[in-house]
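Residues per chain, in single letters:
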Amino acid sequence: MAEKMIPAMMTQERMTAPGVITFSEVPVPEPGPDQVLVKIKEIGICGSDIHVYHGSHPYTKYPVTQGHEVSGVIVKCGAYAKKYQVGQRITIEPQVFCGRCYPCLHGKYNLCEHLKVMGFQTTGTASNYFSVDESKVTPIPDEITYSEGAMIEPLAVTIHAAKRFQEIKGAKVVILGCGPIGILLVQSVKAFGADKVMVTDVSDYRLEMAKKLGADYTINTSRQDFGEALIHNFGSDKADVIYDCAGNDITMNQAIQNARKGSTIILVAVFGKMATVDLAKLNDSELDLNTTMMYRHEDYVDAIRFLQEGKIQLKPLISKHFAFKEYAQAYRYIDENRETTMKVLVDVDPSEE
């Protein structure tokens, strides 16, 4: 496919301070020899972006151009970028890693000792065009919309998390917290063959959405005791694994106090402050406390495969779209509708899905 006319200038978003978003006209980047130039279509806003907006992200400095959940189309290829063609619909893996440290050399580049993430420690995709290494591009099939394509990144997070419990097939699973990640994790563990999934939250709205998207049991812990519900639904053997997608002392201690002895707890959420949890009980029950960090390319591949197979649904999680210049309004909407907002998307170029 021939390259389309590319303008000389483009609009780029910048957050210059917490809550302060500006737009400026900058030159369209020229892709390097191993890069492709992507016309950005959709950008998703996640919980970490919201932390940046409120000035509470510990690893982001201002000014910063945001955007790490993204979809787009290739409009130009560098001289040595031969894997994809102009017109290819894609998403981007936003990790920038060194390739030389111990984790990188052993296939765990998501744990790179010098890891940077686009939109946080390096320039993100919130612009009309974005130049990126071809190796960080993953194609999306024609049947997946650009809106869904922008949600592959958070889905890959939960695909990776699901794999962190190797015996997930046939497992009895508890997921604490029904935000977007919690509900995506419900679908991910089910896609991998989990037997039954119990979810908890304090929002009936979010619990109902989790139920519609695959949860077998929904527990509002503001009204029901977690430990009693666990035994009621799974019996005295309780769950095989508990995933904490809420990330606070209350949920983590619920997991530690009620987990079956010798079972596994996996922390998915990022704690906003130093945790105060019962490590004595953790030790006494010989619990495996595990964690999960982002994803690798194979998680993107699995995410797309499960979408194609119809095992995971993303469209029900899309709460609202905002125009590119309405970036600030998107954050205000999220703040004003926290309980009922799942995924908000910014339409950089909504001309086609």
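Structure's up top.
Figured I'd write up the structure that's included with this text. A quick note: this is a predicted structure, and the numbers were derived from the prediction, not measured.

Side note on the overall build of the chain
Alright, step 1. Assigned secondary structure in the chain consists of 11 helices and 17 strands.
Alright, step 2. Taking 353 residues into account, the globule formula puts the C-alpha radius of gyration at 20 Å, and the chain, at 21 Å, falls close to it.
Alright, step 3. Reported as C-alpha extents along the three principal axes, the dimensions of the chain are approximately 65 × 40 × 35 Å.
Alright, step 4. Burial statistics for the chain: of 353 residues in total, 54% are counted as buried.
Alright, step 5. The contacts in the chain between residues at least 6 apart in sequence include a share of 70% that link residues at least 24 apart.
Alright, step 6. Here the chain has roughly 15,900 Å² of accessible surface; of this, 50% comes from carbon and sulfur atoms.
Alright, step 7. Within the chain, the 44 negative side-chain charges are centred at a point lying 1 Å from the centre of the 37 positive side-chain charges.

Quick notes on the packing of aromatic side chains
Alright, step 1. One pass over the structure, following the stated rule, counts nine aromatic pairs.
Alright, step 2. Pairwise contacts between aromatic rings join Phe23, Tyr53, Phe324, Tyr327 and Tyr331 into one cluster.
Alright, step 3. One residue, Arg89, lies across the ring of Tyr146, its end atom 4.4 Å from the ring centre.
Alright, step 4. Its end group placed over the ring of Tyr333, Lys320 keeps NZ or CZ at 5.6 Å from the ring centre.

Things to note about the environment of Leu282
Alright, step 1. Within the element layout of this structure, Leu282 appears in helix α9 (residues 279-284).
Alright, step 2. Along the backbone, Leu282 and Gln257 are 25 residues apart, and their C-alpha atoms lie at a distance of 7.8 Å.
Alright, step 3. Leaving out residues up to four positions away in the same chain, Leu282 has contacts with Ile256, Leu287 and Leu289.

With respect to the pattern of salt bridges
Alright, step 1. Counted by the stated rule, this structure contains 15 salt bridges.
Alright, step 2. Of the charged contacts, one joins Asp302 and Arg305 as a salt bridge, the two residues approaching to 3.0 Å between their closest N and O atoms. Placement of both Asp302 and Arg305 in helix α10 (residues 297-308) is noted, with a separation of three residues, approximately one turn of the helix.
Alright, step 3. In this structure, the salt-bridge partner of Asp335 is Arg338, at a minimum N-O distance of 2.8 Å.

Description of the pairing of strand β3 (residues 35-45)
Alright, step 1. In terms of residue burial, β3 counts as a mostly covered element, since nine of its 11 residues are buried.
Alright, step 2. Examined bridge by bridge, β3 and strand β8 (residues 129-133) share five bridges and lie antiparallel to one another. Bridge assignment links Val36 to a residue of β8, and that residue is Val132.
Alright, step 3. As defined by bridge partners, β3 adjoins strand β4 (residues 69-77) across eight bridges and the pair is classed as antiparallel. Among the inter-strand pairings, Val36 is bridged to a residue of β4, identified as Cys77.
Alright, step 4. Where β3 meets strand β17 (residues 343-347), four bridges bridge the pair, whose relative direction is antiparallel.

Some remarks on the packing of helix α4 (residues 152-163) against helix α5 (residues 180-191)
Alright, step 1. Packing of α4 against α5 leaves a shortest axis separation of 8 Å and a crossing angle of 55°. When the axis of α4 is compared with that of α5, the two are oblique. In this structure, α4 meets α5 at a crossing whose hand is right-handed. Here Pro154, Leu155, Val157, Thr158, Ile159, Ala161 and Ala162 of α4 lie close against α5, whose contacting residues are Ile181, Leu184, Leu185, Ser188 and Val189.
Alright, step 2. Along the lines of polarity and charge, the residues of the contact of α4 with α5 split into 10 nonpolar, two polar and no charged.

Points about the sheet that holds strand β13 (residues 241-244)
Alright, step 1. Here six strands make up an open sheet; going across it, the order is β12-β11-β10-β13-β14-β15 and the pairing parallel. Edge positions in the sheet fall to β12 (217-220) and β15 (288-291), since each has one partner strand and no second. Going across the sheet, the axis of each strand differs from the next one's by a mean of 20°, ignoring polarity.
Alright, step 2. Bridging between β13 and strand β14 (residues 264-267) involves four bridges; their strand directions are parallel. Across the sheet, residue Val241 finds its bridge partner in β14, namely Thr264.

A word on the pairing of strand β2 (residues 20-27)
Alright, step 1. Relative to β2, strand β1 (residues 9-17) is paired through eight bridges, and the arrangement is antiparallel. Its bridge partner being in β2, Met9 is matched across the sheet by Pro27.
Alright, step 2. Between β1 and β2, which pair antiparallel one after the other, the connecting turn spans two residues, and Gly19 there sits at a positive phi close to 80°.

Some words on the environment of Leu314
Alright, step 1. Take Leu314: it is sitting in the loop between α10 and β16 (318-323).
Alright, step 2. A C-alpha to C-alpha distance of 26 Å links Leu314 and Thr65, two positions 249 residues apart in sequence.
Alright, step 3. If we ignore the near neighbours within four places in the chain, the residues touching Leu314 are Glu148, Met151, Leu155, Leu184 and Leu307.

The rules we used
- Residues numbered from 1 in each chain as written.
- Predicted model: local features only at pLDDT ≥ 70, side-chain atom pairs only at ≥ 80, totals over all residues.
- Heavy atoms only, no water.
- Helix = DSSP H or I, 4+ residues; strand = E, 2+ residues; numbered from the N terminus.
- Rg over C-alpha atoms; globule rule 2.2 N^0.38 Å.
- Buried < 20%, exposed > 50% of the residue type's maximum accessible area, 1.4 Å probe, protein only.
- Contact = heavy atoms within 4.5 Å.
- Areas by Shrake-Rupley, 256 points an atom, 1.4 Å probe, with all protein chains shown as cover.
- Lys, Arg positive; Asp, Glu negative; His and termini not counted.
- Charge placed at Lys NZ, Arg CZ, Asp CG, Glu CD.
- Phe/Tyr/Trp six-rings, centres within 6.5 Å; stacked < 30°, edge-to-face > 60°.
- Lys NZ or Arg CZ within 6 Å of the ring centre and 35° of its normal.
- Salt bridge = Lys/Arg side-chain N within 4 Å of Asp/Glu carboxyl O.
- Pairing = 2+ DSSP bridges.
- Axes fitted to C-alpha atoms, helices over the stretch in contact; angles between N-to-C directions.
- Parallel < 35°, antiparallel > 145°, perpendicular 65-115°, else oblique.
- Left-handed = near helix turned anticlockwise from the far one by under 90°.
- Nonpolar A, V, L, I, M, F, W, Y, C, P; charged D, E, K, R; others polar.

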